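What follows is the residue order along each chain.
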Amino acid sequence: EPEVTQTPSHQVTQMGQEVILRCVPISNHLYFYWYRQILGQKVEFLVSFYNNEISEKSEIFDDQFSVERPDGSNFTLKIRSTKLEDSAMYFCASSEFFYSNQPQHFGDGTRLSIL
Amino acid sequence: EDKVVQSPLSLVVHEGDTVTLNCSYEVTNFRSLLWYKQEKKAPTFLFMLTSSGIEKKSGRLSSILDKKELFSILNITATQTGDSAIYLCAVPYGGATNKLIFGTGTLLAVQP
């Protein structure tokens, strides 16, 4: 069964550095999402992406964050000037269509640790 | 404010028991409700519910939605240790995209 893949599985970075989290969505999916889960807290929506542009973003997704689909398969989340509070599990998800009868499928996540 | 509330927060049962997990929601423009199972890594899709009163079933798992009372339940019968996981309830919210709002999850521990 096709799946969403994310790399790396764990990223350790010094505060102030930039990180890029990578995702390969399911190949025929058109809608892509990033979520994060701070330890012990709920999964939170960050951003949705369709047709090479951001469809919607949350309050969390400020100028520190950016997303890109650099080629036909990868979908990346860049975090600039990382802060301690950016430490979290970051999940990528994709869905085939926008319509709500199509579930989002999640990758295994990248655990980001900011030191 | 849109929200999803799950109960209980955690549950410990023995193999063979039946469990019922609850999810209530308050979301504008409700369209669907999803259940996911989260073990060590990715939330794995279980069910999507859009219509009231229609049970969805997969093996020992089943789920039903009540759009009048704004809740859903997830039942697991004859539990096994492999059912131990966090069960997440999520609802698409907002109008622009299908972004999901999640509950805190129910941590289920099935003891041998």
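For every chain, the first residue of the written sequence is number 1, and numbering continues from 1 onward in sequence order. By the order in which they are written, chains take letters starting at A while ligands take numbers starting at 1. Local features in this predicted model are restricted to residues of pLDDT 70 or higher, and side-chain atom pairs are both shown and tallied only at a pLDDT of 80 or more, whereas totals for entire chains, interfaces and linings draw on every residue. Hydrogens and water are ignored here; the side-chain numbers use all heavy atoms of the structure.

Asker: How would you sum up the environment of valine 67 of chain A? Please name residues and give values.
Answerer: All names here are of chain A. If you trace the backbone, valine 67 turns up in strand 7 (residues 65-68). Separated by ten residues in the primary sequence, valine 67 and leucine 77 have C-alpha atoms spaced 4.6 Å apart. Only heavy atoms matter for contacts: two residues are in contact if any of them lie within 4.5 Å across the pair. Look past the residues within four positions of valine 67 in its chain and what remains in contact with it is Trp34, Val47, Phe49, Ile54, Phe61, Phe75, Thr76 and Leu77. Only runs of H or I of at least four residues qualify as helices and only runs of E of at least two qualify as strands under DSSP, and these elements are numbered from the N terminus.

Asker: Describe the packing of aromatic side chains, with residues and values.
Answerer: Stacked, edge-to-face and tilted are the three classes for Phe, Tyr and Trp ring pairs, Trp counted by its six-membered ring, which pair at centre distances within 6.5 Å; planes under 30 degrees apart are stacked, over 60 edge-to-face, the rest tilted. Throughout the structure, instances matching the rule amount to 15 aromatic pairs over all chains. Ring geometry for tyrosine 36 of chain B versus phenylalanine 45 of chain B: centroids 6.0 Å apart, planes at 70°, classification edge-to-face. You can call tyrosine 36 of chain B buried: its relative accessible area is 0%. Taking the relative accessible area as the measure of exposure, phenylalanine 45 of chain B reaches 27% and is therefore partly exposed. Counting every residue linked through ring pairs, the aromatic cluster contains Tyr33, Tyr35, Phe45, Phe91 and Phe106 of chain A together with Tyr36, Phe45 and Phe102 of chain B. In this arrangement the basic side chain of lysine 99 of chain B is found over the ring face of phenylalanine 45 of chain A, its NZ or CZ atom lying 5.9 Å from the centre. A ring is considered to have a charge above it if a Lys NZ or an Arg CZ atom is located within 6 Å of its centre and within 35 degrees of its normal. Over the ring of tyrosine 93 of chain B we find lysine 99 of chain B; its NZ or CZ atom is 4.5 Å from the centre of that ring. Any residue under 20% of the maximum accessible area for its type is buried, any over 50% is exposed, and the rest in between are partly exposed; the area is computed with a 1.4 Å probe on protein chains only.

Asker: Could you give an account of the state of the cysteines, naming the residues involved and the relevant values?
Answerer: For the purposes of this analysis, a disulfide is any pair of cysteine sulfur atoms at a distance within 2.5 Å. One pass over the full model with this rule turns up two disulfides over all chains. Across a sulfur-sulfur distance of 2.0 Å, cysteine 23 of chain A and cysteine 92 of chain A are joined as a disulfide pair. Residues cysteine 23 of chain A and cysteine 92 of chain A share a disulfide whose torsion about the S-S bond is about -65°; that sign makes it left-handed. With cysteine 23 of chain A in strand 3 (residues 19-24) and cysteine 92 of chain A in strand 9 (residues 88-95), this residue pair connects regions lying 69 residues apart in the sequence. Cysteine 92 of chain A carries the same exposure label as cysteine 23 of chain A, and that label is buried. Two residues share a disulfide in this structure: cysteine 23 of chain B and cysteine 89 of chain B, whose sulfurs sit 1.9 Å from each other. Between cysteine 23 of chain B and cysteine 89 of chain B the sulfur-sulfur dihedral comes to about -70°; the bridge is accordingly left-handed. With cysteine 23 of chain B in strand 3 (residues 19-26) and cysteine 89 of chain B in strand 9 (residues 85-92), this pair connects stretches of sequence that are 66 residues apart. Of the two residues, cysteine 23 of chain B and cysteine 89 of chain B, neither departs from the other in class, the shared state being buried.

Asker: Requested: an account of the sheet that holds strand 8 (residues 75-79) of chain A, with residues and values cited.
Answerer: All names here are of chain A. At least two DSSP bridges between two strands are required for those strands to pair. Spatially, the four strands line up as an open sheet ordered 1-3-8-7, and their pairing is antiparallel. Looking at which strands have only one partner, the edges of the open sheet turn out to be strand 1 (5-7) and strand 7. Taking each pair of neighbouring strands and ignoring which way they run, the sheet shows an average axis angle of 20°. Looking at chain direction, strand 7 and strand 8 are connected through four bridges and run antiparallel. Directly across from phenylalanine 65, in strand 8, lies its bridge partner isoleucine 79. Between the N-to-C directions of two axes lies an angle of 0 to 180 degrees, each axis being a line fitted to C-alpha atoms and, for a helix, fitted only over the stretch in contact.

From the geometry alone we can't say anything about function, so treat these as descriptive.
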